[in-house]
Each structure stands twice: as structure tokens, then as C-alpha cells.
There are 4 protein chains.
Amino acid sequence: MKKGIMRPGHVQIRVLDLDEAIKHYVDLLGLIETDRDAQGRVYLKGWTEVDKFSVVLREADTAGMDFMGFKCISEDVVDARREELLAFGCEVENIPEGELSGCGRRVRFTAPSGHAFELFATKEQPGKWGVGEKNPEAWPRGIKGMQAQRFDHCLLYGTNLDKTLDLFRDVLGFDLAEQVVTPDGTRVAQFLTASMKAHDVAFIDHPEPGKFHHASFFLETWESVLRAADLISMTDTSIDIGPTRHGLTHGSGDYHYPDHPPVTWDVDQLGKAIFYHDRVLNERFLSVLT
Amino acid sequence: MKKGIMRPGHVQIRVLDLDEAIKHYVDLLGLIETDRDAQGRVYLKGWTEVDKFSVVLREADTAGMDFMGFKCISEDVVDARREELLAFGCEVENIPEGELSGCGRRVRFTAPSGHAFELFATKEQPGKWGVGEKNPEAWPRGIKGMQAQRFDHCLLYGTNLDKTLDLFRDVLGFDLAEQVVTPDGTRVAQFLTASMKAHDVAFIDHPEPGKFHHASFFLETWESVLRAADLISMTDTSIDIGPTRHGLTHGSGDYHYPDHPPVTWDVDQLGKAIFYHDRVLNERFLSVLT
Amino acid sequence: MKKGIMRPGHVQIRVLDLDEAIKHYVDLLGLIETDRDAQGRVYLKGWTEVDKFSVVLREADTAGMDFMGFKCISEDVVDARREELLAFGCEVENIPEGELSGCGRRVRFTAPSGHAFELFATKEQPGKWGVGEKNPEAWPRGIKGMQAQRFDHCLLYGTNLDKTLDLFRDVLGFDLAEQVVTPDGTRVAQFLTASMKAHDVAFIDHPEPGKFHHASFFLETWESVLRAADLISMTDTSIDIGPTRHGLTHGSGDYHYPDHPPVTWDVDQLGKAIFYHDRVLNERFLSVLT
Amino acid sequence: MKKGIMRPGHVQIRVLDLDEAIKHYVDLLGLIETDRDAQGRVYLKGWTEVDKFSVVLREADTAGMDFMGFKCISEDVVDARREELLAFGCEVENIPEGELSGCGRRVRFTAPSGHAFELFATKEQPGKWGVGEKNPEAWPRGIKGMQAQRFDHCLLYGTNLDKTLDLFRDVLGFDLAEQVVTPDGTRVAQFLTASMKAHDVAFIDHPEPGKFHHASFFLETWESVLRAADLISMTDTSIDIGPTRHGLTHGSGDYHYPDHPPVTWDVDQLGKAIFYHDRVLNERFLSVLT
């Protein structure tokens, strides 16, 4: 949090069938529905999140990500970063308070990768779901499916990785935590964090701008990953890969501080980097983009 | 243990390079070397096993399984089963005490599947490794690698599944715990147990008799499976599949009693049966036989 | 299973308040109610059990255990053991089919410890709950609370440990898996098994006969033990001790075969034997008997 | 990291017997010795830490904590905080570069609680132990005992909790993540963080200033907590309490962001807050101070 940006605050996802998507995110992942708005958008959160929502689902003709928003520590931070985004050369749009239910004003911009991002500082804060702030229980009973705890990161495919890194590092205060480089030194994947997490957002080099691979949610333990994979199988959900350890970003202790040097993977080790156990890339993992 | 046969007691495996194999079984799997004999064979065991050894490695020009031995509750049981094996039509061979170091006499026979099996009742019993029988600690310090606890089962490929089942069920007192059947009702895989374990030995239908797929060792927890898969990657060992749940034999509670009906899998569900999470068969899993 | 006795099949427990008890066993432990009978008794099972029930709750003025029943592999085994029980000197009672809903005839006897036990071979077998016998899923969705998998064992306090061991070993085919002895060699605790489990029933020496400490249910993993302990705290249930490893019967690999020598604990190590981590006995653990 | 302070960087601990202490920290906890200096002090680190050391052991006649140091993101931050500490009224001492082997200059001050703390920005950075920064393995082979990953926090007992909170919040940029309050609203325990961790340092109200309860190290999983507790028992180390969940700071998702309201525990719930499962305070936990 070098420049006042705390965390991934929300992601708005376009889905082809809203009812199917709700079943997926609520019954399978275990997110909690917190609101619907006049446009028909559905608001969701993980049970450990204090803010009103972290996922917004919007029915549309094409699947993909509308935007990803980062929560700032104050409105002043939003203003200061807005000035720097303009100076960096970004187009910036002001979204008024209330456009998302329960969320304050947002500053939207497009990164060189082709993705829309937002900064905001204010959102209704009903607190963690099912546990209070006073003498709380360890966890609430009644969470469904995978019991996902919180929105963790997005993996995005797009253009101009170098310039995107400049923006996230210099304007937004993120660190480069891990990277994949080719033999000639070109960075083809970058994992960026504004926190102790191994990554808050990740970019893979891709000829088309603005593509979305996945939004990821935090599960507490390796056993919950097993049970999550079980549920995916039971419900015949499409899956890229069974439970595995990502070499990249999830080995070697799995946390980051600003003074840590980036971990570097050679591109010919990318199989191991992504699927530590199988050590081969999986076609499905690489090809499902929206 | 309907007819006095307790458990898989040992397996003798042919390996192409003994030093490499010892590295694999001792440093990676965590088995303990307990003896070598005049033939150059190496004897190993898991730390929780009370008997002297459960794995024998023999260097040879072709890899594969020489034989798998089952421990009986008494010498009388060995004699009684020997008579029934002869009545069933098996050729039976008597192996004298001491042919395997520390092991009593063995009765060897060939199953209709083409594999050699043995019955025996006597083996030196030095006890669990590193923990005594008096006020024992929970586990010994100093176990290597995956810390495999004990020899669990063999997966074998061969011919005449029906007749092999007859022999194991009627002569040796095993149960059919799980099976895979084709639409016309032909059994193409059978998982057999003499104990509470989901299987002590398994057979897959195959045109060639007597083929060996793997010997399996028991790890205590799902987390130890993760660390085992990590080690396999670190050491660049060939692996069929990362950590996964086998639908077949390892879901649904994972234990067996003689009054339990067999669990049946349709052959078109075999992917799910074997790799519950990916739900597709893996070429490597099916094709590495010796 | 040396003499045809497979496993603990059921336990009938007297409770002071039936509604409270159901809440405990169903909502907290996660057992499934399968029937009620004309006497008002409630029948329960763990989801992995194939038989109709394993726990029977009966409202009464005093809490405790009415009887514990073992399932035999055949009616012939019941008859043969009945003769041997009479020869051993036990009083034996015949309970007709249907006295417990869905259960065949039972043979009841009193052990020297003062507890009532039963043998039976027939019980309705609806199969595992929520998963079929054909292409089953790994586990069913909708299990509550601790998701207990199956009835595991009873811990009983009573008299005449030596004679009780004689009966279980010689008449019923159990093994002595673990024991606690005083410096003069007196056995003050004995853990007996008819299977691969570390114990199916356990006895602690006590001046009063026929006392009941607890019935125990099997949880799959150490993580499920954590979550179970969480639930106990959330619901303000009385608890003897938090998650811990029992030195006795749960260390050192935690399985038994008939050729394994018994593990012996010195009585001055009983604290460590029972509560491996704290290594002191807990007053509550020792004093809550019914 | 509101004011440039990243994390607990080191703690210097006085021990009565250096050889015994090394055995404890290296063989049991699994820390790695990285240096010794002319004064005889021993330097240690957890394997995931990039800096040269996080623990310094010093033999002395009384046990306790000499000081705890926080690493800042830059030397400028150290200077700026130094000014604010003076303005707050702290006595401040400059410790020259090299006083601790491999560490830059430090600014030492005493908090109102009576404890000595330090700020520093520069320390030799040999990287994670046993894994490189290029294509790293998931974890290094050869770590001992509990395989502690990194220095996590100190729990300190002392005076003037309110003024200590003022200093940590206003001067150093920490948040109050959790607190324990009496019925009249007095805060008797406070858990402070500069990061996403539930706490980086904690204070319990105590009549004597400057007392030390424990330094804590991060273990990766609940299973590693079990094995750690096993090791403590095997080695007959004194232990406060077996594996348990702290209600306080480790339930409810176990992470913190600056916009999270503090979690508040009533003092009459302190038992549950600290030992979630037993829900009673443990005499030993409260009374071993140095």
C-alpha cells in the first residue's frame, strides 16, 4: 500500500445466463447475494468481506469483464491518483455515487493492457457475514459449497505489459512480485500486488487487448481446495485443472513485502510455474478467454 | 479376513538401475532400507510396518513385478489355502524359509491374470521403525521425503478377470469392493480387499497377462499428498497425474466391510472413476506398464 | 475378524432430553435420522454407513448406555458365539427380530465389566446416505455440522478388566491393541479391536460396573477435527479437551493387524497417552461418567 | 503500511543457556542459523525470509526481550518517524550500522508500555533459504522440526496501553485490529498491525512495564500446527496449550485491511477469545512472563 490503494474491491462480470451464473457463484462457490439493482445486476460477496459486495454479475450477449475496481484508503487518495492517471496519459471517467448500489463515486480508466479499472474509497460496510465485530465466532454456519472467503485477484490477458507495469507501479504503487521472461528478456507475464498477497492482479501477454481469464476467490486451506475440486466434479462444472500448486506465486512461502525482489520464471519453465505438479501446460487453461 | 489372509505383505520389483531405484524409494518415498542379501536384493519397509520388509528391489534387464505376497494369520492357514489353490487348478510352488532374508516358507502360485502371488505367515518382526511398543511417540523424527507409512496395494493389468475374482474370493476370502463394467455387463476392472481397506489388490483387464502398473504406499493425509506431489516435481520424477481424488475406491468414505455391496462404475464414467477432478483419462496413466 | 465379528453395529444411549439430544447428534455431529419407533426411540446413522442405523436414542431419567451391538458376518456366527458365551458363563438373552426397527434377532449378554453387549447379523441395508452404489460422488451435499462419517467405538468404565479381555479375545475374536499398565503389571485400561481400527471398544478399570464415558464417531481429517471443535465452541457444548492427538491408539500409524503386538503404556505416562500435547490428565475427561 | 513501516524485522531475546536455546530454535522450531558475532550473539531466520536474520539470541542472567525491530520501506521513513517519535515525547537512541551483523543503522525508542523498539530500513538480503529467485521450488528440502516459515509477532505485557496505542497508531501507522475491553470500556489487550496480518505486535495490560510473553513464528497449515505440537511433546518442551484456535485474531478470516473496524472482545469472553476450544484461560498461559 505504497500509494493508498488497499485491495481489489470489486469486479463486474458479464455472464450469458444470469440464473446459471448465480447458481455457480452462490451455490457452488459459496458467495452471498447482498443486492440486486434496477438494471438487473446481482451483487455478491465472500463471507469474510466487510464491504457490501465484491462481485457484480451482469447478463449480456458476450461473457467477459466490464471492469475491476480497487479500494483506496481515502477519497483524497482517489483524487491524487486521478491526477497522476491523467498525467500518465490515461483517459479517465468519473462514475457518480450510487451507480453501483451502495458504492461511492468511482474513477474509471483504461490500462495499456486494454482493461477497464476503477478506483474508489467509499462503500457500504455491513461487516463480515454471519459473524459480528463483538466476540465473533470462528466462522458462520450456513455458508454453501466451496465457502469462498473473499475476492482475491483477476488474471487478465492483454497488450503492452511493460507500459501496464509502469502504470501500476508508478501511479498506483503496486510491486512486481513475480514475472515470466523469455530467453531474450521479454516479460510475458507479470503478477502485481499492492499488499502482502502474492498477487492482486496478473497480466499475460496476448495480442488482443482487454481479455479476461478468471476472477479468483480465496479458500482457506489445501483441504478446502480438495473439497472445492470435488464440488466442481459433482456439478459437472468445466475445470481447467484439478487441485495443484501453482509454482508461480504460490510456492516459496506465498507472501510479498515491498522490499522483496521479484521472483522470475523462464518461459520454458512456464509449465512448472503454473502447474507445479504436472509440469505441462494445459490447453484448456490457456485457451478459455472472454 | 474371511479366510485368514491379513494383508499385502511384500512385493518384489525388478528395476533397471538399483541405485536410482533406491534413491527413488528411500530418499523420495521415504521407505527405510532394512537389509541386502547375497543376490544383491535390497529390502525396504514403511516406518509403521512391524514386519522386517514389504518391498524387495531386484536389478534386472526388464522392469516389472516378480511377485506379490500376502501375509496369513498362521502357518495352518497357509497349508489350508495351499490345498484349495491346488483344487482350484493352480500350479503351486514351495519356496523354502530364508529364500527372502528373514521370511519363512512361502507358497507361490500364478493367478489366471498371469501374476505370481505368494502366501506366507512368518517374517521377522522388528516392530515399527523409530518408535517402540512402550509409550511410543506419535511418529519418529528422521523419516525422509514423502514419509510413506506402509505398502498399500498393487495395481495389475492382465487377463481372465472373472476367474481371477473367483480365485481371490472363493479361495483366498477377498471381497469385490469396487468394479468397472461395460454396458453389456462385462467387468473390466476389479478392486479386491481382504481388510477394511478399499483395496488390497486391483486388476484391470488387458490382453497381455501379468503386467504391473504400480505399487502404492499409504500417506497419512491430503496435505502429505500435496507435499509428495511437490517432491515429485522438485526431483523431476515422471508423474502420471497431480494430487487428485480417485472417484473409484477413494470417495464415499473409503473403507470396506464384508457386508458392503460392491460399488459399480460404468466404463463410460471411468475417467471420473479414476481422476475424479479432471474427469478425463490421462494417456500416461493408462500406458505405462511393465 | 478372527471369529466372524465385523464391527460395532449400534449403541443405544439413554438421554435426559430427547429434543436436545437430537439437536446434538443431528445438527452438531451431523448424523442422519432414519426412523422413530412406537417407544419413541430415535434411530440415527453416519452418512457412510450402509446399515439402517448405528445409534438409538432413548429418553430416560438417567443418562447412560443401554447396550452396544456388534454385527457378525452371518447368522451362523451369531449361533456359534452364543454357544461359546454360554460356555464362558455369560447369561444370554434372545431379543426377537424387529425389537429394534429394521434389525434382525439379537443375542444379548453381560460382560464381566458390567456392560450389556449384543451380537446380530441382519439389519436393513439402505446403503450410504446421499450417494448411490453406482458411479457415486465423493460425498453427499447437505450433511450438517461435523459431518460425522460413522460410529467408531465406545469408551466404557467398569470392573474385571482381565476377565473382560478373556471374553472379547477368546470368545469374540478381538485383539488387545493397546493397554495401560501399573508398575506392578496390572492392566488398568485395554483397547480392543476386531478390525484394522486401533480400537472398536475400550475399557478403563473402575470400581463401579457398567459405566459409560462416550461413544465416538469417525471424522475424516485433522481439519475436520478443528472444525468440529469450532462447532462445539460455537454451540457452547461442554467439551473435555480441544483438538489433540491421543498418544494412546492414535499415534504411530493408527491401524492394527492381528499379528501386531499390543502397544503398552505405563500408567505414569497416562497423561501423555491420552492427551499427547498437554501431557496432563484433564479432570473433566476422567470424571464425566453415566 | 500507512506510514512506511512494513513488518516485524527482528527480535533480540535474552536466554539463560545459549546451547539449549539454539537447540530449541533450530532443531525444534526449524529456524536457520545465519551468523554469530563477536559478542557471542546468534542470528537466526525462517526459511521464507529474504533478510539475513529475524531473531537474535543473547545469553544473559535473566530471560526476556531486549528489543523488537520494525523494518521501514526507506531510510527517509526512518528519519521522518524519528522526528515524530521525538515530538511524541519518546527518548530516542541512534544505534550505528553494524552493531547487529549485516544490519544498517537503527533508531531505538521506548514505548509507554516499557518495551524497547527499533526502526531500521537496511539489512543484508541473501534471499529465501534454499530456494532461489529464479524458477524456485515450492520449498527447500532439509528444514528441521516445525519448519517455521517466518517471525510473525511478539506478545508483550506492560503498562499504559492507551498511550502505547496512540504511539503505534499516530506515529507508526499501525491499526488497532482487535481489542479486549472490560465492562466499563477499559481496553486491557490490544492487537496492532501494520499489514494484512491479524497482528504484528500485541500488548496485554500488566502492572509491570516491559514484560515479554512470547515471540511467535508462522506455520503454514493447521496440519503443521499438529505436527509442531507433536514435536513439543516428543521433546518434552513446556507448552502452554495444545493446538487450538485463538478466537482473538485467528477466527473470522484472519486478515486485516485499514478500513476494517476493530474486533472487540468482552473481557468476560477472554477465555474464548484466547482458547476458542476450551474456553477457559489456562494458568500457564497467563503467568509465564520474563
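Small disclaimer: the values here were computed from a predicted structure and weren't measured.

Definitions and limits used
- Residues numbered from 1 in each chain as written.
- Chains lettered and ligands numbered in written order.
- Predicted model: local features only at pLDDT ≥ 70, side-chain atom pairs only at ≥ 80, totals over all residues.
- Heavy atoms only, no water.
- pLDDT = per-residue confidence, 0-100.
- Contact = heavy atoms within 4.5 Å.
- Buried < 20%, exposed > 50% of the residue type's maximum accessible area, 1.4 Å probe, protein only.
- Helix = DSSP H or I, 4+ residues; strand = E, 2+ residues; numbered from the N terminus.
- Pairing = 2+ DSSP bridges.
- Axes fitted to C-alpha atoms, helices over the stretch in contact; angles between N-to-C directions.
- Parallel < 35°, antiparallel > 145°, perpendicular 65-115°, else oblique.
- Left-handed = near helix turned anticlockwise from the far one by under 90°.
- Nonpolar A, V, L, I, M, F, W, Y, C, P; charged D, E, K, R; others polar.
- UniProt positions renumbered as here; feature names shortened; annotations may be inferred.
- Salt bridge = Lys/Arg side-chain N within 4 Å of Asp/Glu carboxyl O.
- Least-squares fit on C-alpha atoms with pLDDT ≥ 70 in both.
- Buried area = accessible area lost by both parts, 1.4 Å probe.
- Polar contact = N/O pair within 3.5 Å; in protein donor to acceptor, adjacent residues only side chain to side chain.
- Patch = residues over 30% accessible without salt bridge, like charges linked within 9 Å, V, L, I, M, F, W, Y side chains within 5 Å.
- Areas by Shrake-Rupley, 256 points an atom, 1.4 Å probe, with all protein chains shown as cover.
- Lys, Arg positive; Asp, Glu negative; His and termini not counted.
- Charge placed at Lys NZ, Arg CZ, Asp CG, Glu CD.

## Re the confidence of the model for chain A
All names here are of chain A.
And then number 1: This prediction gives chain A a mean pLDDT of 86; 81% of its residues lie at or above 70.
And then number 2: Segment residues 238-251 is flagged for pLDDT under 50; beyond a separation of four residues in sequence, or across chains, it makes 56 contacts in the model.
And then number 3: At the level of chain-chain contacts, confidence expressed as ipTM amounts to 0.88, with global pTM at 0.84.

## Observations regarding the pairing of strand β5 (residues 64-72) of chain C
All names here are of chain C.
And then number 1: With nine of its nine residues buried, β5 lies for the most part within the structure.
And then number 2: Bridge count for strand β1 (residues 5-15) against β5 is eight bridges, and the pairing is antiparallel. From the neighbouring strand, Ile 13 faces β5, where its bridge partner is Met 65.
And then number 3: In the sheet, β5 pairs with strand β8 (residues 116-120) via four bridges, with the strands oriented parallel. If you follow Met 68 over to β8, its bridge partner there is Phe 117.

## Details of the packing of helix α2 (residues 75-88) of chain D against helix α3 (residues 161-171) of chain D
Residues and elements named next belong to chain D.
And then number 1: Packing of α2 against α3 leaves a shortest axis separation of 11 Å and a crossing angle of 150°. Taken together, the axes of α2 and α3 are roughly antiparallel relative to one another. Of the two possible hands of crossing, α2 and α3 adopt the one that is right-handed. Together, Arg 81, Glu 84, Leu 85 and Phe 88 of α2 and Lys 163, Asp 166, Leu 167, Asp 170 and Val 171 of α3 make up the contact between the two elements.
And then number 2: Split into classes, the residues belonging to the contact of α2 with α3 amount to four nonpolar, no polar and five charged.

## Some words on the UniProt feature "domain: VOC" (unreviewed entry) in chain A
And then number 1: This chain's UniProt record puts "domain: VOC" (unreviewed entry) on residues 7-122 and 150-268 of chain A.
And then number 2: Annotation note: span residues 7-122 of chain A, helix share 22%, strand share 40%, distance between end C-alpha atoms 13 Å.

## Describing the sheet that holds strand β14 (residues 263-266) of chain B
Residue and element names in this part refer to chain B.
And then number 1: Read across the open sheet, the six strands follow the order β13-β9-β12-β11-β10-β14; overall the sheet is mixed. With partners counted over all chains shown, the strands left at the sheet margins are β13 (211-218) and β14, one partner each. Sheet twist, expressed as the average angle between the axes of neighbouring strands with direction ignored, equals 15°.
And then number 2: Bridge count for strand β9 (residues 150-158) against strand β12 (residues 201-205) is five bridges, and the pairing is parallel. Counted as the bridge partner of Tyr 157 is Ile 204 from β12.

## Considerations on the pattern of salt bridges
Close approach of charged atoms lets side chains of opposite charge pair.
And then number 1: As enumerated under the stated definition, the model contains 104 salt bridges over all chains in all.
And then number 2: Its salt-bridge partner being Arg 82 of chain C, residue Glu 83 of chain C comes within 3.6 Å of it at the nearest N-O pair.
And then number 3: Since its relative accessible area comes to 48%, Glu 83 of chain C is described here as partly exposed.
And then number 4: Connected through salt bridges with shared partners, the residues Asp 37, Arg 41, Glu 99, Arg 106, Arg 108 and Glu 118 of chain A form a single ionic network.

## Concerning the relation of the copies chain A and chain D
And then number 1: Rotating chain A by 180° and moving it 0.0 Å along the rotation axis overlays it on chain D with an RMSD of 0.0 Å. Taken together, the turn and the small shift mark the pair as related by a two-fold rotation axis.

## Regarding the interface of chain A and chain D
And then number 1: Listed by partner, the interface residues are 44 residues for chain A and 44 residues for chain D.
And then number 2: Interface of chain A and chain D: buried area, both sides summed, is about 4,100 Å²; carbon and sulfur atoms make up 52% of it.
And then number 3: Where chain A touches chain D, the interface holds six salt bridges.
And then number 4: The partner of Arg 7 of chain A in a salt bridge is Asp 259 of chain D, with the nearest N and O atoms 2.7 Å apart.
And then number 5: Taken together, the connections running from chain A to chain D amount to 16 residue pairs in polar contact (both at pLDDT 80 or more).

## Things to note about the sheet that holds strand β12 (residues 201-205) of chain C
Residue and element names in this part refer to chain C.
And then number 1: Read from one edge to the other, the open sheet built from six strands follows the order β13-β9-β12-β11-β10-β14, with strand pairing classed as mixed. Whereas interior strands pair on both sides, the edge strands pair on one side only; in this sheet they are β13 (211-218) and β14 (263-266). Direction aside, neighbouring strands of the sheet carry axes that sit 15° apart on average.
And then number 2: Both strand β9 (residues 150-158) and β13 contribute to a ladder of seven bridges, which runs antiparallel. Looking across to β13, one finds that Arg 150 is bridged to Phe 218.

## A closer look at a negative patch on the surface
And then number 1: Residues Asp 17, Asp 19, Glu 20, Glu 59 and Asp 61 of chain A make up a contiguous surface patch of negative charge.
And then number 2: Accessibility expressed as a relative area gives 37% for Asp 17 of chain A, which makes it partly exposed.

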